[in-house]
Amino acid sequence: MNLHRLLLERQAQDRPVRVGILGCGKFASMYLAQAIRTPGVHIAAIADLNPAGARENLARIGWPAERYAAADCGAALRSGATWITDDVEAPFRQEAIDLVIDSTGDPPSGVHHALLACRYGKSIVMVNVEADALVGPLLAEKARAAGIVYSLAYGDQPAMICDLVDWARACGFDVTAAGRGHKWLPEYRFYTPDNVWSGYGLTPEQAEEGGLNPKMFTSFLDGTKPAIESAAVANATGLTPAPDGLAYPPGSIDRIPNICRPRPEGGALDHKGQVEVISSLHPDGRVVDYDIRFGVFVAFEADTDYIARCFTEYGVQTDDSGRYAALYKRWHLIGLELGISVASVALRGEPTGAATGWRADAVAVAKRDLKAGELLDGEGGYTVSGHLMPAARSLAEGALPMGLTHSVRLVNPVAKGQVVRWSDVAADSAHPAAQLRREMEERYRPALLQAAE
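Residues numbered from 1 in each chain as written. Predicted model: local features only at pLDDT ≥ 70, side-chain atom pairs only at ≥ 80, totals over all residues. Heavy atoms only, no water.

**A look at the overall build of the protein**
Step number 1: Of regular secondary structure, the protein possesses 17 helices and 14 strands.
Step number 2: In summary, the protein has a C-alpha radius of gyration of 22 Å against a globular reference of 22 Å for 453 residues, a match within 12%.
Step number 3: By principal-axis analysis of the C-alpha atoms, the protein measures approximately 65 × 60 × 50 Å.
Step number 4: Pairs at least 24 residues apart make up 74% of the contacts formed inside the protein by residues separated by at least 6 positions.
Step number 5: On the protein, roughly 19,000 Å² of surface is accessible, and the fraction owed to carbon and sulfur atoms is 51%.
Step number 6: Computing the positive centroid from 44 side-chain charges and the negative centroid from 55, the protein places the two 2 Å apart. (Helix = DSSP H or I, 4+ residues; strand = E, 2+ residues; numbered from the N terminus. Rg over C-alpha atoms; globule rule 2.2 N^0.38 Å. Contact = heavy atoms within 4.5 Å. Areas by Shrake-Rupley, 256 points an atom, 1.4 Å probe, with all protein chains shown as cover. Lys, Arg positive; Asp, Glu negative; His and termini not counted. Charge placed at Lys NZ, Arg CZ, Asp CG, Glu CD.)

**A word on the sheet that holds strand E10 (residues 324-329)**
Pairing between the strands of a sheet comes from backbone hydrogen bonds, and it takes one of two forms, parallel or antiparallel.
Step number 1: Judged by pairing direction, the sheet is mixed, and its four strands sit side by side in the order E8-E7-E9-E10 without closing on themselves. Either end of the sheet is taken by a strand with one partner, and the two such strands are strand E8 (274-279) and E10. Taken over all neighbouring pairs, the strand axes of this sheet differ in orientation by 25° on average, direction set aside.
Step number 2: Sheet analysis places strand E7 (residues 174-182) next to E8, joined by six bridges and oriented parallel. Across the sheet, Ala177 pairs through a bridge with Gln274, a residue of E8. (Pairing = 2+ DSSP bridges. Axes fitted to C-alpha atoms, helices over the stretch in contact; angles between N-to-C directions.)

**Regarding the side chain of His113**
Step number 1: Mapped onto the elements of the fold, His113 is located in helix H6 (residues 107-120).
Step number 2: Within the structure, His113 has its side chain in polar contact with the side chain of Asp102 (distance 2.9 Å).
Step number 3: When near neighbours in sequence (up to four residues on either side) are disregarded, His113 contacts Leu22, Val88, Phe92, Asp102, Thr104 and Ile124. (Polar contact = N/O pair within 3.5 Å; in protein donor to acceptor, adjacent residues only side chain to side chain.)

**What to know about the pattern of salt bridges**
Step number 1: Here the structure, examined in full by the defined rule, presents 25 salt bridges.
Step number 2: Arg263 is the partner of Asp270 in a salt bridge, and the nearest nitrogen-oxygen pair spans 3.8 Å.
Step number 3: The partly exposed category is assigned to Asp270, whose relative accessible area is 35%.
Step number 4: The network of salt bridges with common partners includes Glu141, Lys142, Glu439 and Arg443. (Salt bridge = Lys/Arg side-chain N within 4 Å of Asp/Glu carboxyl O. Buried < 20%, exposed > 50% of the residue type's maximum accessible area, 1.4 Å probe, protein only.)

**Topic: the packing of H6 against helix H7 (residues 129-146)**
Step number 1: The interhelical angle for the contact between H6 and H7, taken along N-to-C directions, is 5°, at an axis separation of 10 Å. Of the possible angle classes, the one that applies to H6 and H7 is roughly parallel. Two secondary-structure elements touch here, H6 through Pro107, Gly110, Val111, Ala114, Leu115 and Cys118 and H7 through Glu130, Ala131, Leu134, Val135, Leu139, Lys142, Ala143 and Ala146.
Step number 2: Tallied by class, residues from the contact of H6 with H7 come to eleven nonpolar, one polar and two charged. (Parallel < 35°, antiparallel > 145°, perpendicular 65-115°, else oblique. Nonpolar A, V, L, I, M, F, W, Y, C, P; charged D, E, K, R; others polar.)

**As for the packing of helix H1 (residues 3-12) against helix H15 (residues 339-348)**
Step number 1: Two elements in contact, H1 and H15, have axes whose closest approach is 10 Å; the angle formed by their N-to-C orientations is 65°. What the angle tells us is that H1 and H15 run roughly perpendicular. The two elements H1 and H15 cross, and the hand of that crossing is left-handed. Across the interface between the two elements, Leu3, Leu6, Leu7 and Arg10 from H1 touch Ile340, Ala343, Ser344, Leu347 and Arg348 from H15. (Left-handed = near helix turned anticlockwise from the far one by under 90°.)

Laid out in structure tokens, this is it:
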């Protein structure tokens, strides 16, 4: 609330929020389509390994060429134009840039960028939820120590879920569950880029014509992205996963209050305060009417008869008992909504979601029988998919985080459906992302294992 007014004030003062962007793919392009028409914001620099591709994306979304023709960042800052470079550190080195957005989607790169933000004193908005699921609790801690803001990205589902949870708690409600929707059947866990389009009801020709990335869409379908995003939500809100991870109960929006109550009360929850994903498909594959496939929700409880009566008086959709209710957004607008994070971080110094502890993990599970010597191919590939797990269980089992599964060689065979463990791979212990992950595990190990006893 009032972010637009604050942006207008910055515009009137000729003191716009100066932004640097890392990676100019789909998410960033959607944000840039809005940023050019948002008052009080100046996109000063875009760093992308393929500058020509970044220029093509800017042209595609309607930016006039003169807006991104600056010779260097200094010229861009003076003229209000945008400088495009392949130097990822450039936006961090510019003192006048207020914050940096990481929209690369690569976990190790995201870790590197967050550490650069700490070194240079730049607040960072992490579209890169993959990096956050890998080591977000430690990155947020390092950011606080460096005096900067580390934030999840509004428009992406985790930050929007955090927003709904905060709304419910600020109203005084106890949150029973929160999460997102997803198109899910159990067999999707084992889908690969070879058959992903059948899961979406598309032909390969239709996917190619639309320029759709099969690995990206596989990571959506096979449960990897829901696991990663749910881990980020749990670590930011204090909600926790069920012992066996996501159950994907199916149901319409009107059924969310019934679903999001404990099993002894007729619901699908293992416990109150759970992170969960609602499926838009019935177990037999039929589509759920009035689904929340592309949306987010928070479920909450009336803890007195008076509050439950208020629900009834104001026509609130509740469960059968009248005590559980839900608020939701049926869609999320991806990068088109990212400006909320930019304004909140730059003008209020407040993140739109950030880890406050390590409660959940997205770990790797074999998609097929894997042999020793094989290379894992990461998110959306042919070898592993992501599975949500309580952090204590991940530690106890020595599970390999999904964010460290790209081009890692197996030293042991792993059966289909089994968790891949650190001991099953030849991990590069010198890699900064792996080192930071190990540091986080050791930092949280005593408290997590004690709590699990």
